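Notes for the structure review
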Amino acid sequence: RVEELRLGLEGLPVVAVQQHIIVSRNEQAKALGINKLSLAADARAKGAVCVDATDLQPYREASEAVVKLLLRFAPAGVERLGLDEFWIDVTAAADAEAGGE
């Protein structure tokens, strides 16, 4: 999704590529049968837009934005599992919803 927003590619099948290998793809690319870890040339042949994902800075920036958003809902903490995976502590919110039980 980072590349779709950054490059104005919304609605198109987009794959992120590192060293000719697909490392990520959007829903439109999945619908074309494009799989992660397959060759970029195969994705291009199916009509996908291939974006060089060697520079991780745009993904780091998007990841930081997600952390800031999650902290608004889980002030007790956000634990980063990767660039796009997080654990959030929602204990306080769950307790409040359950009436403090």
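Structure's up top.
Residues numbered from 1 in each chain as written. Predicted model: local features only at pLDDT ≥ 70, side-chain atom pairs only at ≥ 80, totals over all residues. Heavy atoms only, no water.

As for the overall build of the protein
Our working rule: Numbering of helices and strands runs from the N terminus, with a helix taken as a DSSP run of H or I at least four residues long and a strand as a DSSP run of E at least two residues long. Atoms considered for the radius of gyration are the C-alpha atoms alone. The globule rule reads 2.2 Å times the number of residues to the power 0.38. For the exposure calls, accessible area comes from a 1.4 Å probe over protein chains only, and a residue counts as buried if that area is under 20% of its type's maximum, exposed if over 50%, partly exposed in between. Every residue pair with non-hydrogen atoms within 4.5 Å of one another is taken to be in contact. Accessible areas in this description were obtained via Shrake-Rupley with a 1.4 Å probe; residue shielding takes into account the shown protein chains only.
Counting its regular elements, the protein contains five helices and five strands. Sequence-ordered secondary structure for the protein, helices as α and strands as β, is α-β-β-α-α-β-α-β-β-α. The C-alpha atoms of the protein give 17 Å as radius of gyration, which overshoots the globular expectation for 101 residues (13 Å, by more than 25%). In terms of principal-axis extent, the alpha carbons of the protein reach across some 55 × 25 × 25 Å. The proportion of buried residues among the 101 residues of the protein is 24%. Long-range pairs, those at least 24 residues apart, make up 28% of the contacts in the protein with a sequence separation of at least 6. Looking at the protein as shown, the accessible area adds up to about 6,900 Å², and 55% of this sits on carbon and sulfur atoms.

Some thoughts on the sheet that holds strand β3 (residues 49–52)
Quick reminder of the rule: Two strands are said to pair when DSSP picks up at least two bridges between them. Every axis in this analysis is a line fitted to C-alpha atoms, fitted for helices over the stretch in contact. Angles between the N-to-C directions lie between 0 and 180 degrees.
A sheet is described by the order of its strands in space; here three strands give the open sequence β2-β1-β3, paired in mixed fashion. The open sheet is flanked by β2 (21–25) and β3, the only strands paired with a single partner. Here the average twist between neighbouring strands, direction ignored, is 40 degrees. By the bridge criterion, four bridges tie strand β1 (residues 14–18) to β2 in an arrangement that is antiparallel. Counted as the bridge partner of V15 is R25 from β2.

What to know about the environment of A29
In this structure, A29 sits in helix α2 (residues 27–31). Accessibility expressed as a relative area gives 0% for A29, which makes it buried. Between the C-alpha atoms of A29 and D42, which are 13 residues apart in sequence, the distance is 11 Å. Contact partners of A29, with chain neighbours within four places excluded, come to P13, V14, V15 and I34.

Structural notes on the environment of E97
Relative to the helices and strands, E97 resides in helix α5 (residues 91–97). On the basis of relative accessible area, E97 is assigned to the exposed category, the value being 72%. For the pair E97 and N35, spaced 62 residues apart in sequence, the C-alpha separation works out to 40 Å.

Some thoughts on the nonpolar core
Threshold: For our purposes a nonpolar core is just a set of buried Ala, Val, Leu, Ile, Met, Phe, Trp, Tyr and Cys residues, chained together by side-chain atoms within 4.5 Å.
By size, the foremost hydrophobic cluster in this structure holds eight residues: V15, V17, I22, A29, I34, A40, A43 and A48. The set of elements that each furnish at least two residues to this core consists of β1 and α3 (40–45). Not counting residues within four places of it along the chain, the set of residues in contact with V17 comprises V23, A40, C50, V51, D52, A53 and T54.

Concerning the pattern of salt bridges
What counts is decided by this rule: A side-chain nitrogen of Lys or Arg and a carboxyl oxygen of Asp or Glu constitute a salt bridge if their distance falls within 4 Å.
Summed over all chains, the structure comprises three salt bridges. E64 is the salt-bridge partner of R80, the closest N and O atoms lying 2.6 Å from each other. In this pair, R80 sits in strand β4 (residues 78–80) while E64 sits in helix α4 (residues 57–73), placing the two residues 16 residues apart along the sequence.

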